[in-house]
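# Structural features, examined
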Amino acid sequence: MTTEWDAGRLDSDLQGAGLDTLAVRAGQHRTPECEHGEALFLTSSYVYRSAAEAAARFSGEVPGNVYSRYTNPTVRAFEERIAAMEGAEQAVATASGMAAILATAMSLCSAGDHVLVSRSVFGATVSLFDKYLKRFGLEVDYVPLTEPAAWQAAFKANTRLVFVESPSNPLAELVDIAELAQLCKAKGALLAVDNCFCTPVLQQPLALGADIVIHSATKFIDGQGRCLGGVVAGRAEQMKEVVGFLRTCGPTLSPFNAWLFLKGLETLRLRMQAHCASAQALAEWLEQQPGIERVYYAGLPSHPQHELARRQQKGFGAVLSFEVSGGKEGAWRFIDATRLISITANLGDSKTTITHPATTTHGRLSPEDRANAGIRDSLIRVAVGLEDVADLQADLARGLAAL
């Protein structure tokens, strides 16, 4: 931001503000127009008063906007708001959640570095590391998320980065973030946590000792399935490298999408509370139904990491999975029998979605890799939206009747 305009009293004093206040007001810097809502800057470039000013901006000698590939006021507002909510020094927005993971690995790792990844991650994340990043000299190993001894044994002298999803997609497995963070620090590695399922409302990995937090803003941060985006947050030292990657490589978040994400953050806590309440009710109901072999939801006392989830999170999230009788055929019959819930692989939407992970989100993995990740043919994932829970239960009952 340039220094020629001082908003003064027009900007909010957020000293000591709580999370909900930050979600509504952090990151907004009012322009001379004195707008109340966040301004949307749809511009690719910026003009300068002189050649000398342009040179100073491009060199970094004078702070300010240069090019919207990596500096845009609307995107910056989103970045500052996420940083405030996650307790980070800086956040960097990207074009998608996968771009956020790519930017993290490419900017903080070099050929010959070793990366540890939790085994139960999103299928595209596995493809990113195995199909592409390994080509550029990264060593990658996968570790069972819930086994501390396995993490301890997996480190090498060149381990640079540890990447985990907690909770995981789709089985809601967790890692003790504080415990893993201590191990990473002892080994000299950075810990990155994909916080997409919890959002900063339910979990703040940086406060638990993680170095980096990553989001697919496409999910709950947007909340209505409208647009793609991602964000990486952490210490300024590491984020400077991520900014450099964006400046050169360009996986850039559009200002319009950033503006939508700002609006999504304003209602994030309210939505997450409603998501969690409905997911809990459906998980408890499903666990009692014939034809359901197992339900995966950390809010259930039957979940092996229920107590860890209670300690580490402020809620259990919106995503639940369950296994049905009849294998793949039974799962497909169940899904096809629903009439209200959307059959789609996206999640974090106000509309409830249902999918068959083995043939969609994790379909590009080998059968062996799916088995190692616990993705069975009988597994169904439901991302609970904001509809009336009785209507969702009635629709899932149609699926049960088809088994």
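A brief report on the enclosed structure follows. (Residues numbered from 1 in each chain as written. Predicted model: local features only at pLDDT ≥ 70, side-chain atom pairs only at ≥ 80, totals over all residues. Heavy atoms only, no water.)

## Remarks on the layout of surface pockets
- Estimates place the volume of the largest pocket at around 690 Å³.
- In this structure, the largest pocket is lined by 31 residues; those nearest its centre are Tyr70, Thr71, Arg76, Gln90 and Val243.
- Residue composition of the lining of the largest pocket, by class: 14 nonpolar, nine polar and eight charged. (1 Å grid on protein atoms, 1.4 Å probe; cavity = no way out; pocket = protein on both sides within 12 Å on 5 of 7 lines; lining within 4 Å. Points joined across faces, edges and corners; volume = space filled by probe spheres on them. Nonpolar A, V, L, I, M, F, W, Y, C, P; charged D, E, K, R; others polar.)

## Describing a nonpolar patch on the surface
- On the surface, a cluster of nonpolar side chains totalling about 290 Å² of accessible area is made up of Leu40, Leu42 and Phe256.
- Relative to the elements of secondary structure, Leu42 occurs in the loop between helix H1 (19-25) and helix H2 (51-59). (Patch = residues over 30% accessible without salt bridge, like charges linked within 9 Å, V, L, I, M, F, W, Y side chains within 5 Å. Areas by Shrake-Rupley, 256 points an atom, 1.4 Å probe, with all protein chains shown as cover. Salt bridge = Lys/Arg side-chain N within 4 Å of Asp/Glu carboxyl O. Helix = DSSP H or I, 4+ residues; strand = E, 2+ residues; numbered from the N terminus.)

## Focus: the nonpolar core
- Within the largest apolar cluster, 57 residues are counted, with the highest numbers of intra-cluster contacts made by Phe78, Trp151, Val162, Val164, Leu180 and Leu191.
- Not counting residues up to four positions away in its chain, the partners in contact with Trp151 are Leu116, Val117, Ser118, Val143, Pro144, Leu145, Val162, Val164, Val175, Leu180 and Leu183.
- In this structure, Val66, Ala100, Ile214 and Met239 belong to the second largest nonpolar core, which totals 30 residues. (Core = buried A, V, L, I, M, F, W, Y, C linked by side-chain atoms within 4.5 Å. Buried < 20%, exposed > 50% of the residue type's maximum accessible area, 1.4 Å probe, protein only. Contact = heavy atoms within 4.5 Å.)

## Points about empty space enclosed by the protein
- Counted under the stated rule, the structure contains one cavity of 30 Å³ or more.
- Considered as a void within the structure, the largest cavity measures approximately 70 Å³ in volume.
- Looking at side-chain class alone, the lining of the largest cavity contains nine nonpolar, one polar and no charged residues.

## Comments concerning the sheet that holds strand S12 (residues 379-383)
- Spatially, S8-S9-S12-S11-S10 is the arrangement adopted by the five strands of the open sheet, whose pairing is mixed. If you trace the sheet from one side to the other, it starts and ends with strand S8 (292-296) and strand S10 (342-343), each paired once.
- Inspection of the sheet shows S8 paired to strand S9 (residues 319-324) by four bridges, in the antiparallel sense. Each bridged residue has a counterpart across the sheet, and for Ile292 the counterpart in S9 is Val324.
- Packing against the sheet, helix H11 (residues 268-286) makes contact with S8 and S9, and its axis sits at approximately 15° to S9.
- Strands S9, S10, strand S11 (353-355) and S12 of the sheet are contacted by helix H13 (residues 327-337), whose axis makes an angle of about 125° with S9. (Pairing = 2+ DSSP bridges. Axes fitted to C-alpha atoms, helices over the stretch in contact; angles between N-to-C directions.)

## Structural notes on the sheet that holds strand S2 (residues 114-118)
- The mixed open sheet is built from seven strands, whose spatial order is S1-S7-S6-S5-S4-S2-S3. Each end of this open sheet is capped by a strand with a single partner; those strands are strand S1 (90-94) and strand S3 (139-143). Pairwise comparison of adjacent strand axes, ignoring direction, gives a mean angle of 20° for this sheet.
- Bridge analysis of strand S5 (residues 190-194) against strand S6 (residues 212-216) gives three bridges, and the strand direction is parallel. The residue bridging Val193 from the neighbouring strand is Val213, located in S6.
- Sheet strands in contact with helix H4 (residues 97-108) are S1, strand S4 (159-165), S5, S6 and strand S7 (230-234), and its direction is about 150° off that of S6.
- Against the sheet, helix H7 (residues 177-187) makes contact with S4 and S5, and its axis sits at roughly 155° relative to S5, the strand it touches most.

## Digging into helix H15 (residues 389-401)
- In this model H15 runs 18 Å from its N-terminal to its C-terminal C-alpha over 13 residues, within 8% of the 18 Å that 1.5 Å per residue would give.
- Turning to H15, its buried residues are Leu392, Asp395, Leu396, Gly399 and Leu400. Around the axis of H15, the buried residues are gathered within 155° of arc, so they sit on the same side.
- Considering only its buried residues, H15 is in contact with H11, S8, H13 and S12. (Expected span 1.5 Å × (residues − 1). Arc of directions from axis to C-beta.)

## Regarding the pairing of S2
- The element S2 is largely enclosed, with a buried count of five among its five residues.
- Residues His114, Leu116 and Ser118 line one face of S2 and the alternating positions Val115 and Val117 line the opposite face, and both faces are buried.
- Pairing of S2 with S3, which is carried by five bridges, proceeds in the parallel orientation. The partner of His114 across the bridge, within S3, is Glu139.

## Remarks on helix H9 (residues 236-249)
- Between the first and last C-alpha of H9 there are 19 Å, a value that for 14 residues agrees with the 20 Å anticipated at 1.5 Å per step.
- Along H9, the positions that sit buried rather than exposed are Gln238, Met239, Val242, Phe245 and Leu246. Buried residues of H9, viewed axially, fall in a sector of 105°; they line one side. Turned more than 90 degrees from where H9 packs its buried face, Glu237, Lys240 and Thr248 sit exposed.
- Packing partners of the buried residues in H9 comprise S1, H4, S5, S6 and S7.

## Section: the pattern of salt bridges
- Within the structure shown, the criterion is met by 15 salt bridges.
- Of the charged contacts in the structure, one is a salt bridge between Lys263 and Glu38, with a shortest N-O distance of 2.7 Å. In this pair, Lys263 is assigned in helix H10 (residues 255-266) and Glu38 in the loop between H1 and H2, connecting sequence segments 225 residues apart.
- The salt bridge partner of Arg310 is Glu307, with a shortest N-O separation of 3.8 Å. Highlighted residues: Arg310 and Glu307, both in helix H12 (residues 306-312), separated by three residues, approximately one helical turn.
- Under the relative-accessibility criterion, Glu307 is labelled partly exposed at 47%.
- Each of Glu38, Arg81, Lys263 and Glu266 takes part in a single network of salt bridges with overlapping partners.

## Thoughts on the side chain of Glu165
- Within the secondary structure layout, Glu165 lies in strand S4.
- Among buried Asp, Glu, Lys and Arg side chains, Glu165 stands out as unpaired, with Arg381 the closest opposite charge at 8.5 Å.
- Polar side-chain contacts of Glu165 include one of 2.7 Å to the backbone nitrogen of Phe122. (Lys, Arg positive; Asp, Glu negative; His and termini not counted. Polar contact = N/O pair within 3.5 Å; in protein donor to acceptor, adjacent residues only side chain to side chain.)

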